[in-house]
Amino acid sequence: MKPILLHLCLAACAFSLLHAQTAENKPSSAKGRVAWLVATSMPEGLENPITVMSGNDLMEVTLSKRSPSEPVRIPQDGILKVVRRQEVPAGSDRPPYLTFAKATVPQGVSKALVILIPAAERRGDLLFNTKVQDLAKFKGGDWLFLNLTNVEIGVDMGKTNLAIRPGQTRIYEAPALAAATNIPIRYRYLHPVKEDWQLLSASTVVLRGTRREICIFSVDPRYQRINYHGITFPVGH
């Protein structure tokens, strides 16, 4: 390759790398109190990205089952909504937005995770129920478990045993971690007829102080069996 072409290629690569680093390190526009959103699943027909209303501000965010959204500002009243604009005829008393979800972040919570859970039965325009988790109580290495089934779930992490009732959220609080740590984990459920514990799975997981993990238990509607999936939430968020 001729020297001038080599220099041009190197310059282009350097520019691309700088651009990628700048985009990756670009600070969020959300300042002060902030929240992240995650969906346990998406209702059929709902567009993604969604529109989040914070006070009078609107922001498009992409929902995922595996990772949290971009942060959004928590308004003074703490109310966040998932909305969609609708056409309203002149003189109509209908609101200009349909509200698909509404969550209230308590005063004193500066960083929150809003979990959107599709409602089993639609109430008006609402498509989601919501749970708000204070991130000050969910530190690096911790695991948060959310039981969306109608049976009790048992989680064994090392020597710690958690019983999670239907609709309940529990947190496994990790010990102080100097490095990544392997720990055995086992999931069980209480059979509603046999009234004994049935094994869902058993394995080994890694606790890392740089991230928090969320595990959501749900029921597969096709086979009426218990499923679960994980969400990783980096501590830097």
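Our structure's up above, just so we're on the same page.
Predicted model only: the values in this text are computed from it and were never measured. (Residues numbered from 1 in each chain as written. Predicted model: local features only at pLDDT ≥ 70, side-chain atom pairs only at ≥ 80, totals over all residues. Heavy atoms only, no water.)

Q: So what's going on with the pairing of strand β10 (residues 153-157)? Which residues, and what values?
A: Among the 5 residues that make up β10, 5 are buried, leaving the element largely enclosed by the rest of the structure. Here β10 shows two buried faces, one formed by I153, V155 and M157 and the other by G154 and D156. As consecutive antiparallel partners, β10 and strand β11 (residues 160-164) are separated by 2 residues, and within that stretch G158 has a phi angle of approximately 60 degrees, a positive value. Sheet analysis places β10 next to strand β13 (residues 181-190), joined by 5 bridges and oriented antiparallel. Bridging from a neighbouring strand, M157 pairs with I185 of β13. (Buried < 20%, exposed > 50% of the residue type's maximum accessible area, 1.4 Å probe, protein only. Helix = DSSP H or I, 4+ residues; strand = E, 2+ residues; numbered from the N terminus. Pairing = 2+ DSSP bridges.)

Q: Run through the sheet that holds strand β7 (residues 111-123), naming residues and quoting values.
A: Within the open sheet, the 4 strands sit side by side as β4-β1-β7-β8. Their pairing is mixed. The open sheet is flanked by β4 (72-73) and β8 (126-134), the only strands paired with a single partner. In the sheet, β7 pairs with β8 via 8 bridges, with the strands oriented antiparallel. The residue of β8 that forms the bridge with I117 is N129.

Q: Describe the packing of aromatic side chains, with residues and values.
A: Enumeration according to the criterion identifies 7 aromatic pairs in this entry. Centroid distance F145 to Y187: 6.2 Å. Interplanar angle 75 degrees. Geometry classified as edge-to-face. Taken as a pair, F145 in strand β9 (residues 143-147) and Y187 in strand β13 lie far apart in primary sequence, 42 residues in all. Residue classification places Y187 among the buried residues on the basis of a relative accessible area of 6%. Measuring from centroid to centroid gives 4.8 Å for Y187 and Y228, while their planes differ by 80 degrees, and the two rings are edge-to-face. (Phe/Tyr/Trp six-rings, centres within 6.5 Å; stacked < 30°, edge-to-face > 60°.)

Q: Residues and numbers for unusual backbone geometry, please.
A: With an omega of 20 degrees, the peptide bond running from N48 to P49 counts as cis. When you line up the elements, P49 lands in the loop between β1 (34-39) and β2 (50-54). Positive phi outside glycine occurs at E195, with the angle close to 55 degrees. Residue classification places E195 among the exposed residues on the basis of a relative accessible area of 64%.

Q: Explain the pattern of salt bridges to me, and be specific about the residues and the numbers.
A: Counted according to the given criterion, the structure contains 6 salt bridges. A salt bridge links R186 to D156, with the nearest nitrogen and oxygen atoms 3.0 Å apart. Highlighted residues: R186 in strand β13 and D156 in strand β10, separated in sequence by 30 residues. Notably, a salt bridge pairs R211 with E213, separated by 2.7 Å at the nearest N-O pair. Take R211: its relative accessible area is 29%, and that puts it in the partly exposed class. (Salt bridge = Lys/Arg side-chain N within 4 Å of Asp/Glu carboxyl O.)

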